[in-house]
Amino acid sequence: IGEFLGEEENLYKYTADESSDSVEIAGKKIKNFNFLTVVENTVKPKFIVNSGIIGLDLRRKNISEKSTFIRQLKQNNLIDNDVFYFEYTDKENGNLIVGEYPHQRNKNLFEDNIAETYAQDFAGEVMWGLNFEDIKYNGTSVDFNVKIGMFSIESGYIVAPSKLRQLYLKTFFAEFIQRGLCREETTEDNGYEGFSCEDSSKVNFKNLQPISFYQRGMNFTFEFTYEELFYLYQGRKYFRICFQSDEIFDTYWFMGKPFFEKYKIYFKTDSKRIGVYKLDAP
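Please read these numbers as outputs of a predicted model, since none were measured by experiment. (Residues numbered from 1 in each chain as written. Predicted model: local features only at pLDDT ≥ 70, side-chain atom pairs only at ≥ 80, totals over all residues. Heavy atoms only, no water.)

A. Quick look at the packing of aromatic side chains. Scanning the model with the defined rule gives 38 aromatic pairs in all. Ring centres of Phe172 and Phe176 lie 5.2 Å apart, and the angle between their planes is 55 degrees; on these two criteria the pair is classed as tilted. Here the residue Phe172 and the residue Phe176 both occupy positions in helix α3 (residues 162-178), the gap between them amounting to 4 residues, near one helical turn. Judged by relative accessible area, Phe172 falls into the buried class, the value being 2%. Measuring from centroid to centroid gives 6.5 Å for Phe195 and Phe239, while their planes differ by 55 degrees, and the two rings are tilted. Of the two residues, Phe195 sits in strand β15 (residues 192-198) while Phe239 sits in strand β19 (residues 236-239), which places them 44 residues apart along the sequence. Phe239 carries the same exposure label as Phe195, and that label is buried. (Phe/Tyr/Trp six-rings, centres within 6.5 Å; stacked < 30°, edge-to-face > 60°. Helix = DSSP H or I, 4+ residues; strand = E, 2+ residues; numbered from the N terminus. Buried < 20%, exposed > 50% of the residue type's maximum accessible area, 1.4 Å probe, protein only.)

B. Expanded view of the sheet that holds strand β16 (residues 211-215). On the basis of which strands lie adjacent, the open sheet formed by 4 strands has the order β11-β10-β16-β17 and antiparallel pairing. Pairing within the sheet leaves two strands with one partner each, and these edge strands are β11 (140-141) and β17 (220-224). Pairing between strand β10 (residues 134-137) and β11: 2 bridges, direction antiparallel. Counted as the bridge partner of Lys136 is Ser141 from β11. (Pairing = 2+ DSSP bridges.)

Note that every value here comes from positions in space, so none of it alone points to a role or purpose.
Okay, structure coming up:
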């Protein structure tokens, strides 16, 4: 039995058995495919950094190398490259692509347009995340305590510190909340706070200020405007940035679905590198 402890040992903990079984993948039978069978999980639901349940995570503390999913695929000659990425087919569905780069499958993407850098070292563990040199709100740099964003495909939102919540509240939402067109949202199960508005022409969504993240290693800026930051559900538009109500996690950034929808991001497990395709042709 292995015990997996993370940076906040009092907040989350996994216990699992090292296991193996015979599997068939892409028509090839593998007699001893290794994996971990979780027997105890005390993770708090709100702490969404625990990605990579099938073995895509980079963290290796107390985790056997032989259970790494992509490495086993490569060792069994099922893939040529240790790369993976997520590809949306529509707003709700998509595929996990393993072993090929996005430009090998999509003629609209170009290898010359790739920007790459190393994954982020965080609290002694290398994780799928990026350190941002500069985070700007409406074109002005904001001094956040932490500028590290962890990728989380499981999250439908960008999860941000409450300091950003105050900026959006002051410059956009407060006016429409007073008019009864928008409201603050709180989810009791995971402790997130956010905003939603009526799908109405009375709400000037175009006035929502953009947010951008500059990554020095890539020399690339990720930017999100009102067009990417609202989604329509049952007659309301929900803001796709939410905020931690728990002070322990208030400085954390988690980069969820909006990042993966707008930007083609890929991950390389052996070299621990993250790549993105610039939006314009080379």
